[in-house]
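Below, each chain spelled out in residue letters.
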Amino acid sequence: MFPVGPAPWPRLRVLWALWALLVVLLAPWRLWAIQETQECTWQVVLNNLESVGKNDAIDHFVDQELYTVDKVFDLLVDAPIDRDEVRGLGADEWERPWSCTLLGSGHLLTISLQTYLGFPYYLKINYSCTGEVSSEALVRKGHLTGLKPVVLVTFQSPVNFHRWKIEQLQIQMEAAPFRSPAERCDAEEVCLMSWYTPMPIKNGSVVMRVDVSSNGLGPFIPNKRFHVNINGFLERGRDHELQFTVGNELFHLIPRHFVNVPSRPLWYTVDQTPVLILGGIPEEKAILLTDTNFKDFFLVELSIDSCWVGSFYCPQASFTATIYDAIATESTLFIRQNQLIYYFTGTYTTLYENNHGSERWVRVLANECIKRLCPVHFHSNGSEYVMALTAGKNEGYVHFGTITDGLVSFKLLPRDRSVCNAILVDNCSITWAVFIAGDYNLLMLVEIVGPTSSKYFQSVITWLCSTPSQNSSLTVGGEGRGGWKSGWVPGEAQATPPHCCVHFAVYLPARGLEFLMILGTESYTNFPMVPKGMSYNPYNNLLLIWGNFLLQSFNSENFIYLADFPKELSIKYLVNSFRGDMAIVTENEEIWYLLEGSYQVYQLFPSKAWEVYISLQVLQQSSRYAPNETMVTLFYEDNKLYQLVYLIDNQQGRLIKRLMPVEQLLMYQQISKEYVLERQGSHLTLSFSNFCPFTVMRLQELPNPQIYTRQERYRAQPPRVLEPWGFHSENSLAVYQGLVYYLLSLHSKYDKPYADPVHDPTWRWWKNKKQDQDYYFYLANNWRSAGSVHVDMTSYEKIYDLKAENELPERIFLDKGTSYSFSVFLTTRKPEVQHGPSFQVLSPVDLAVVLADPDCIEAMVKEKVLVNRNSVLFWVTLSDKRSCFDQGISGHHLMKTSMLVKVLGSSGHCFQNTNRGPQQPDGASAYWLPARQAPGLRYHLHAAVQPRAEQTLLRLRQSGPGDALLSLPGHLLPILLDPRFGDGRFWQFSGQLRAEGGGRRAHP
């Protein structure tokens, strides 16, 4: 064991060595100590009811129907389970037929017979450690030392908030140990075991995040996140085997499908897509399909007709079977083959009442010549969108597609005239399109062709997709806000001419410093400017235009030229995390990196830093790197950059997903540039300088998160089993299923009435059994509980007192006039003391706050220099200015904005060594704060402001004795929302109101 020293050293001296060995020696002492511990990781798979206890069983989330567990609950005759409660009927109503629907807040649960139902799947949990041969022995050791996995399931809110209620729902479950009965075991008690928890599902949610952590006992295992999504494109055949509805699965990956094939972008609706698809397999009408973010995947040959319609208005030079464009949404897949577009809607009974699932691929816009599909990364107004760019007879138009509850429709935009006619040119071509839902704008990158067929300049044209009235207010589903009518798509309002046109020069500007403001007075080179695409981030309003250059703008009018990107290269696609950083892939498969708040573009691959990293991987005999490899795609997941790579090793090909080590590559680049050779005695030594302006960064004084995140979390523990070793049986796991189901059903049925004496949906569950709690505890302690199962009434509850964990939440909801505060503690490297008439200590670090929407949000920063600790404390307060009113009822049409807190001079220079390697806060979101040191922390906000400052939104029950009423001054006109209507219906009230009771609540 090496002695533990300070983690960051200002200057570190090591002997001269090869670069690969040198980087190893640069690791701080504390990191070396961490690396001597075993590296363990969680392993989670999905098991259906028949697979429980089987060793190698792995299932995919296909079944969406619940099953009854009333037989196991019938055994609990002397337990805190009321038989009338189980049946949901009176004593003389046993013969009525029963039916049920899934959980969800959009529609109340309808139960006529059984109340305790079960979910179709379990989560099977194990773990493994490096250097250990037997994973079974590890799991046994963990169980005997008290290890219990804790699973947190987060349900993603649905796209269509008109149908389903928007809520931030989580359930935390402790896993139950289960001994496999199928394996032959020579030991006395157990050979093979795992932990299991129910895998709950909820109406409106097809994307679930599963976070697995330890209870603090046993071996140290870092937290890990898994994506468990419902796959609506699989079905069970007559033999109950899984088969694809979109085509036929191919079981062999052929090298020609991937070797030397260009990489392609992965397009999908951010945070909403359960199934991802990727085309680009040469001369095959096949796609890669995954429901686990490429942890595993399928190669599927699509059952499409592959027609080739060439005509005088749609010339086709050649025919290919390759799927060029592929886009995945919450329920529907889109592909383009040649000039044809197809879509397929999956079977998702949790999303819509009637099954809109497709039986075959649907060809759409069959008479059009489509040259490209453009994705819309964010949903809005309860729908998702996709855009198709035309060629031939309809050049200069965009087909705007809307997907609502799996139903697809297209509209031609602009409706009255083409873009070419609108900008008064004869010939033009739309190269790319971006839809900005918050402003109802359609940005189009237009190539204008001159009279001599020369492409002489480009334009970005902003087309207003709606025509607001004078007060910028349209009707949206009966709500008072600016926007679209319910079920309306852009183009139905009166067509408007482009209100902003940005023209680009023919040639690239001359390089100067890191960036250049485009003012029209700069000098230019002889290199032509070739725009190819655009990317827009709605959180920070950053528009990027890319080609053989990079231009960025925060208002779509004034642009900055990033001079660090070489003009000799051409960008093929951008990969945006939408949380502050992005990756750039060029036509020759180079990978570059851009961090928000910085104008410097970093080359990640190929680079000297990449060579150092690969050398270290070879020394460690890593199986995730090979001399012959081809990148298939690049994408972000949970704010980390991943590669999908095809490797050929020992003449065997395989497709793997691996982490792109951005922080390590940036650190190696810094080391390779900033070093000095010094002679000490008879040998040379290397001296490195650390340019990070601080040594410690911490977040402090964070408020409790739930009032800002609106997160509702429930807790459930497995029932106690009367078994000496604590192992559960199939019956006790079924009881666990029923208890979790009923806990969530109580949440679904609870309508949160105003002035409820108990603000908890679970209290009614045990209200008739609470007085007998000691009796049930006595039975369990004496091993007399019915069914050998004890149900602890205190183990199923709603959690209201979650504490801040010294990290920012992923996002917050900032209501009108509210504020959010926290502090940033920085320990500096060198104090600067100014001597003079008065002694004064200057802060060597500066904190900058950048707001995406300063008209709506304001920030205040206060600084305090802590002389005795060589530190600086910054208090940051973020407040709503009561000036933006573009939101409907709670949770609808939220405004997206962000705040960037940046330590000046730290971009690309600050890293923190963790047990997962060097990390930096890459400006992305708030998760990373305690684990990384930061050039900037990206903070997402959903500002939920009310329609107008002079109006107040009230939530009242039907008027009657004891109901709480509200009294307002006479000059205020309240708007009343009746919770009996699920559509958000409200009306004006002119009578007298009075207030009786009430108080501050954490949730609206």
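Computed from a predicted model, the values in this text were never measured in an experiment. (Residues numbered from 1 in each chain as written. Predicted model: local features only at pLDDT ≥ 70, side-chain atom pairs only at ≥ 80, totals over all residues. Heavy atoms only, no water.)

### What about the overall build of the chain?
1) Next: The helix and strand inventory of the chain stands at 12 helices and 67 strands.
2) Next: Counting across all 1004 residues of the chain, residues that qualify as buried make up 55%.
3) Next: In the chain, 63% of the contacts between residues at least 6 apart in sequence involve partners at least 24 apart.
4) Next: Summed over its atoms, the accessible surface of the chain is roughly 44600 Å², and 51% of this surface lies on carbon and sulfur atoms. (Helix = DSSP H or I, 4+ residues; strand = E, 2+ residues; numbered from the N terminus. Buried < 20%, exposed > 50% of the residue type's maximum accessible area, 1.4 Å probe, protein only. Contact = heavy atoms within 4.5 Å. Areas by Shrake-Rupley, 256 points an atom, 1.4 Å probe, with all protein chains shown as cover.)

### Overview of empty space enclosed by the protein
To find leftover empty space, a probe the size of one water molecule is rolled over the atoms.
1) Next: Counted under the stated rule, the structure contains 9 cavities of 30 Å³ or more.
2) Next: In this structure, the largest cavity occupies an estimated 430 Å³ of space.
3) Next: The wall of the largest cavity is formed by 25 residues, among which Tyr268, Asp271, Tyr636, Glu637 and Asp638 lie closest to the centre.
4) Next: Elements with a minimum of two residues in the lining of the largest cavity: strand E10 (207-214), strand E11 (224-229) and strand E44 (628-637).
5) Next: For the lining of the largest cavity, a count of residues per class yields 8 nonpolar, 10 polar and 7 charged. (1 Å grid on protein atoms, 1.4 Å probe; cavity = no way out; pocket = protein on both sides within 12 Å on 5 of 7 lines; lining within 4 Å. Points joined across faces, edges and corners; volume = space filled by probe spheres on them. Nonpolar A, V, L, I, M, F, W, Y, C, P; charged D, E, K, R; others polar.)

### Regarding the sheet that holds strand E6 (residues 149-155)
Within a sheet, neighbouring strands are paired by backbone hydrogen bonds and run either parallel or antiparallel to one another.
1) Next: Read from one edge of the open sheet, 6 strands run E11-E10-E6-E7-E50-E53, paired in mixed fashion. Where the open sheet ends on each side, the last strands, each with one partner, are E11 and strand E53 (796-799). Strand after strand, the sheet turns through a mean of 25 degrees between neighbouring axes, direction not considered. (Pairing = 2+ DSSP bridges. Axes fitted to C-alpha atoms, helices over the stretch in contact; angles between N-to-C directions.)

### With respect to the state of the cysteines
1) Next: One pass over the structure, following the stated rule, counts 4 disulfides.
2) Next: The disulfide bridge from Cys692 ends at Cys910, spanning 2.0 Å between sulfur atoms. An S-S torsion of about 100 degrees defines the bridge between Cys692 and Cys910 as right-handed. Of the two residues, Cys692 sits in the loop between strand E48 (683-689) and strand E49 (694-700) while Cys910 sits in the loop between strand E61 (895-903) and strand E62 (912-914), which places them 218 residues apart along the sequence.
3) Next: Residue Cys910 is classed as buried on the basis of its relative accessible area, which comes to 1%.
4) Next: Bridging Cys856 to Cys884, the disulfide has an S-S length of 1.7 Å. Around the S-S axis, the bridge from Cys856 to Cys884 shows a dihedral of about -80 degrees and counts as left-handed. Taken together, the residues Cys856 in the loop between strand E58 (847-851) and strand E59 (857-866) and Cys884 in the loop between strand E60 (871-880) and E61 connect sequence positions 28 residues apart.
5) Next: Taking relative accessible area as the criterion, Cys884 reaches 15% and is therefore assigned buried. (Disulfide = S-S within 2.5 Å.)

### What about the pairing of E44?
1) Next: For E44, a buried count of 8 out of 10 residues is recorded, marking the element as mostly surrounded by other parts of the structure.
2) Next: Note that E44 and strand E45 (residues 640-649) share 9 bridges and pair antiparallel. Bridge assignment links Phe635 to a residue of E45, and that residue is Tyr642.
3) Next: In this structure, the hairpin formed by E44 and E45 is closed by a connection of 2 residues, where Asp638 is found at a positive phi of approximately 50 degrees.

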